Amino acid sequence: MKKVYANAAEALDGLLFDGMFISSGGFGLCGIPELLLQAIKEAGTKDLTFASNNAGVDDFGIGILLQTKQVKKMISSYVGENAEFMRQYLSGELELEFNPQGTLAERMRAGGSGIPGFYTKTGVGTQVAEGKEHKEFDGETYILERGIVADLAIVKAWKADDTGNLVFRKTARNFNPPAAMSGRVCVAEVEEIVPRGSLDPDHIHLPGIYVHRLIQGEHEKRIEQRTIREA
Amino acid sequence: MWDRNQMAARAAQELEDGMYVNLGIGIPTLVANYVGDKDITLQSENGMLGMGPFPTEDEIDPDLINAGKQTITELARTSYFDSATSFGMIRGGKIAAAILGAMEVAENGDLANWMIPGKLVKGMGGAMDLVAGVGKVIVVMDHTNKHGESKVLKDCTLPLTGKGVVDRIITNLGVLDVVEGGLKIVECADGVTEEELRAATEATIVS
């Protein structure tokens, strides 16, 4: 079982194809798989559908794949930080499926857990509910949402051991565990790979069973809104 | 009339000791400044309970942001979790209250705060999950838009975030509750008469 690869391009070798569906972790620019996204840009894979909470900013995150027009469709909850995204969407070049944030997270978790659909009250009575099955439970109305199973999941963690057990750091965890679960194959990029046995088994956030390939790399970790208080 | 900070201070009165609360972006964020001695745990839906204040320059950490993507800090009580768990606690009714902004609110509790067709394409983020799941939904917003038109309506004109979800509306002019048949005036803001509040409200006010 060899999970550790030398770099992002090698870790993605043989996994990319035009028209594929990719789940990505991250919230805003926090905890995004920036190295894998860069490698997908360099690979030039086209017509991609991304399930990702956000679409990055113009020159970072998924935004770099929008610049090169490699993205056909986004499934996201919030895309307000990306002017190029807005331009492509309003001109009809880019498809967009808005999912409520919790619905998107649960779709990933469910899809990766063998649950093809689930009922939620999120979005009942809104545009989100249009065309979806409605069902009453105990007097309340719910809508059916589908689990997501992606061709590939790309995620970012803080540390991994060489068997793919992952540990995240602070709010950089966000969508990464559910995204990882939703992939038929998952590639993770981390800041540090440590030998097996050096992570406390009780402190693993995502077991290595969900992670198939792994790279270590340097991360820019760009900050979107630098807000400070006086010391 | 209340300013932004006075609206936030009024909203903070809604919070009770021991509550887990989610604050939206904008004026709701300011509510945290007015909780006083009450033991309130703030949830940030990107995966954190126990949100602390903004960091000092030295404390800035790119791995620690709130749902508005702002850098923040942790507290002694803080816990982190993934987005599926985060919305599990929201949808599951574990969060006592959400305080959020709005573009429009209707007398039946309908809320619109995520989209202006053909104009603004940003997305609902976690707002639809929050209003569907939390115990109490409190809207904090200006009573009228910049053209002076009421944002407290008989029916929302914009796409909805949630249907019949709002419990209480706090505006620069006062506080209203969503009740059977319309809205009930709870109080008027400083220097605002009930007549002025009624005049600025399109929704049915029941006494």
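Residues numbered from 1 in each chain as written. Chains lettered and ligands numbered in written order. Predicted model: local features only at pLDDT ≥ 70, side-chain atom pairs only at ≥ 80, totals over all residues. Heavy atoms only, no water.

1. Observations concerning empty space enclosed by the protein
Working step 1: Under the criterion given, the structure shown has two cavities of 30 Å³ or more.
Working step 2: By volume, the largest cavity is sized at about 70 Å³.
Working step 3: Its residues assigned to classes, the lining of the largest cavity comprises five nonpolar, eight polar and no charged.
Working step 4: Each pocket or cavity is described by its volume, and for the second largest cavity that value is around 40 Å³.
Working step 5: In terms of lining residues, the second largest cavity is bounded by A:Leu29, A:Cys30, A:Arg222, A:Ile223, A:Glu224, A:Gln225, B:Pro62, B:Ile65 and B:Lys69.
Working step 6: Among the residues forming the lining of the second largest cavity, the class breakdown is five nonpolar, one polar and three charged. (1 Å grid on protein atoms, 1.4 Å probe; cavity = no way out; pocket = protein on both sides within 12 Å on 5 of 7 lines; lining within 4 Å. Points joined across faces, edges and corners; volume = space filled by probe spheres on them. Nonpolar A, V, L, I, M, F, W, Y, C, P; charged D, E, K, R; others polar.)

2. So, the side chain of A:Thr126
Working step 1: Within the secondary structure, A:Thr126 is located in the loop between strand S5 (117-120) and strand S6 (134-137).
Working step 2: Once you skip the residues sitting within four places of it in the chain, A:Thr126 turns out to touch B:Met128, B:Leu160, B:Thr161 and B:Gly162. (Helix = DSSP H or I, 4+ residues; strand = E, 2+ residues; numbered from the N terminus. Contact = heavy atoms within 4.5 Å.)

3. Focus on the pairing of strand S1 (residues 20-23) of chain B
All names here are of chain B.
Working step 1: Here three bridges tie S1 to strand S2 (residues 41-44), and the two strands are oriented parallel to one another. From the neighbouring strand, Val21 faces S2, where its bridge partner is Leu42.
Working step 2: Bridging between S1 and strand S5 (residues 97-100) involves three bridges; their strand directions are parallel. Across the sheet, Leu23 pairs through a bridge with Ile99, a residue of S5. (Pairing = 2+ DSSP bridges.)

4. With respect to the packing of aromatic side chains
Working step 1: This model, assessed by the stated rule, comprises three aromatic pairs over all chains.
Working step 2: For the ring pair A:Phe98 and B:Trp114, a centre distance of 5.6 Å and an interplane angle of 90° mean the geometry is edge-to-face. Pair noted here: A:Phe98 is in strand S4 (residues 95-98) and B:Trp114 is in the loop between strand S7 (111-112) and strand S8 (115-116), and the two residues belong to different chains. Judged on exposure class, the residue A:Phe98 and its partner B:Trp114 are both buried.
Working step 3: Chaining the aromatic ring pairs together yields one cluster made of A:Tyr119, A:Phe137 and A:Tyr142. (Phe/Tyr/Trp six-rings, centres within 6.5 Å; stacked < 30°, edge-to-face > 60°. Buried < 20%, exposed > 50% of the residue type's maximum accessible area, 1.4 Å probe, protein only.)

5. Examining the side chain of A:Glu189
Residue and element names in this part refer to chain A.
Working step 1: Within the secondary structure, Glu189 is located in strand S10 (residues 186-194).
Working step 2: There is no salt bridge for the buried Glu189, and the closest opposite charge comes from Lys156, which lies 6.6 Å off by N-O distance.
Working step 3: Reaching out from Glu189, the side chain makes a polar contact with the backbone nitrogen of Glu34 at a distance of 3.1 Å.
Working step 4: In contact with Glu189, not counting residues within four places along its chain, are Ile32, Pro33, Glu34, Leu35, Leu36, Val155, Lys156, Ala157, Ile215 and His219. (Lys, Arg positive; Asp, Glu negative; His and termini not counted. Salt bridge = Lys/Arg side-chain N within 4 Å of Asp/Glu carboxyl O. Polar contact = N/O pair within 3.5 Å; in protein donor to acceptor, adjacent residues only side chain to side chain.)

6. Some thoughts on unusual backbone geometry
Outside of glycine, negative phi angles account for most residues, and trans bonds account for most peptide bonds.
Residues and elements named next belong to chain A.
Working step 1: In this model, Asn174 sits at a positive phi of 30°, which is unusual for a non-glycine residue.
Working step 2: Counting through the fold element by element, Asn174 comes out in the loop between strand S9 (166-167) and helix H6 (176-182).
Working step 3: Positioned with a positive phi, Lys221 is a non-glycine residue whose angle comes to about 50°.
Working step 4: With respect to the secondary-structure elements, Lys221 resides in the segment after strand S11 (213-216).

7. A word on the interface of chain A and chain B
Working step 1: On the chain B side, the residues contacting the 51 residues of chain A number 48 residues.
Working step 2: Taking both partners together, chain A and chain B bury about 4200 Å²; carbon and sulfur atoms supply 60% of that area.
Working step 3: Of all residues in chain A, the largest losses of buried area upon contact with chain B belong to A:Lys170, A:Thr171 and A:Arg229, amounting jointly to 16% of the total for that side.
Working step 4: One can count six salt bridges joining chain A with chain B.
Working step 5: There are 24 residue pairs in polar contact (both at pLDDT 80 or more) connecting chain A and chain B.
Working step 6: At the level of secondary structure, the elements contributing two or more residues to the side of chain A that touches chain B comprise helix H4 (83-90), S4, helix H5 (101-112) and H6 of chain A.
Working step 7: It is H5(A) that contributes the most residues to the side of chain A that touches chain B, six residues altogether.
Working step 8: Residue composition of the side of chain A that touches chain B, by class: 20 nonpolar, 18 polar and 13 charged. (Buried area = accessible area lost by both parts, 1.4 Å probe.)

8. Points about H5(A)
Residues and elements named next belong to chain A.
Working step 1: Compared with an ideal rise of 1.5 Å per residue, which puts twelve residues at 16 Å, H5 spans 17 Å between its outermost C-alpha atoms and is within 8% of the ideal.
Working step 2: Most of H5 sits inside the fold, with ten of its twelve residues counted as buried.
Working step 3: Restricting attention to buried positions, one finds in H5 the residues Gln101, Gly102, Thr103, Leu104, Ala105, Glu106, Arg107, Met108, Ala110 and Gly111.
Working step 4: In the segment just after H5, Gly114 is the residue with positive phi, at about 75°. (Expected span 1.5 Å × (residues − 1).)

9. Considerations on the sheet that holds S5(A)
Residues and elements named next belong to chain A.
Working step 1: Ordered by their spatial adjacency, three strands build an open sheet running S5-S7-S6, and the pairing between neighbours is antiparallel. Strands at the two margins of the open sheet, each flanked by one partner only, are S5 and S6. Averaged over neighbouring strand pairs, the angle between their axes works out to 40° when direction is ignored.
Working step 2: Pairing of S5 with strand S7 (residues 140-146), which is carried by four bridges, proceeds in the antiparallel orientation. What sits directly across from Thr120, in S7, is Ile143.
Working step 3: The strands touched by H5 within the sheet are S5 and S7, with S5 carrying the most contacts at an inclination of about 150°. (Axes fitted to C-alpha atoms, helices over the stretch in contact; angles between N-to-C directions.)

10. Structural notes on the sheet that holds strand S13 (residues 174-179) of chain B
All names here are of chain B.
Working step 1: Ordered by their spatial adjacency, nine strands build an open sheet running S4-S3-S2-S1-S5-S10-S12-S13-S14, and the pairing between neighbours is mixed. The sheet is open, and its two borders are formed by strand S4 (74-80) and strand S14 (182-188), each paired with just one other strand. Direction aside, the axes of adjacent strands within the sheet are offset by 25° on average.
Working step 2: Strands in contact with helix H1 (residues 4-12) are S5, strand S10 (136-140), strand S12 (168-170), S13 and S14; relative to S12, the strand with the most contacts, it is inclined by about 150°.

Everything listed is a geometric property; what it means functionally is a separate question.
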